[in-house]
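What follows is the residue order along each chain.
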Amino acid sequence: MNLHKSSNFNESLGYPAVIDRLGRFNLELEIDTVANLYIIPRDCHGTSTSDRDDVIREAIVTDGCPNADHVFKKESTADNGKKFRFSLNVFRFKNSNGMVYIHCSAHVCLEGSNTTECQFGCDVNNRRRRRSVEENALTLNDDLSKDYDIRTGLIIVTENSKSDDDSFQQDTQESSNDTQFFQTTTNIILIAIILVMLTFVCSLLVFIGLRRRRSGSKRYGVPGSPSKMEMH
């Protein structure tokens, strides 16, 4: 069973895989054949160990009916039904260090089959449908009359709410420090500009005062200086 990084199903994850607790399990059941066959999950459940018979389990699909508690979604099939894709909300078990294994019993069906085992969904009418002649023929083939047990490798679901809070607080503190630094720098620049302007104004006033004093001295003479005698 393949586990993918996103619902695009374009990047599979190796095992052990690490998934955030706020994400989703993007799972894919695949049958490798060129025949006109497709694969359907009949029963799926999660455990905290690799033992599919572990009594501590979480139901995902029961008799072809998905568990709505996990916001189950059947994704678009691929390769003419040879890849059955579905996703559900991530869950984890208590006291398990986040370890999760997904187990499924899958049924292989002939294309166009309407047998009970080849129907997926919670529609009761589909489950009570009379078996067709085609189904009776399929039961003669052992490969198409039994379910196949498959599972994922180890999936580790991270519980990172505390680290998220710590990261948020750290980012907030850094942002506050940056804002304080910016305000301090701005205040220093404003004070420097004001001092430069005051210096310029004072220098200008002194310069104007000196010019006026020199102009007055040339026009009226310097007070206290001896006057010249007039010659007759």
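Residues numbered from 1 in each chain as written. Predicted model: local features only at pLDDT ≥ 70, side-chain atom pairs only at ≥ 80, totals over all residues. Heavy atoms only, no water.

The protein chain appears in an unreviewed UniProt entry as ZP domain-containing protein from Clytia hemisphaerica.

A. Main features of the state of the cysteines. Following the criterion strictly, the structure yields three disulfides and no others. Each disulfide pairs two cysteine sulfurs, and for Cys-65 the partner residue is Cys-122, the sulfurs being separated by 1.8 Å. The sign of the S-S torsion, about 90°, decides the handedness of the disulfide formed by Cys-65 and Cys-122: right-handed. Taken together, the positions of Cys-65 in strand β6 (residues 65-66) and Cys-122 in the loop between β9 (99-110) and α1 (124-127) put the pair 57 residues apart, joining distant regions of the chain. Under the relative-accessibility criterion, Cys-65 is labelled partly exposed at 24%. Here Cys-109 engages in a disulfide with Cys-118; their sulfurs sit 2.0 Å apart. Its S-S torsion of about -105° marks the bond between Cys-109 and Cys-118 as left-handed, since a negative value means left-handed. As far as the burial class goes, Cys-109 and Cys-118 line up, both buried. (Disulfide = S-S within 2.5 Å. Helix = DSSP H or I, 4+ residues; strand = E, 2+ residues; numbered from the N terminus. Buried < 20%, exposed > 50% of the residue type's maximum accessible area, 1.4 Å probe, protein only.)

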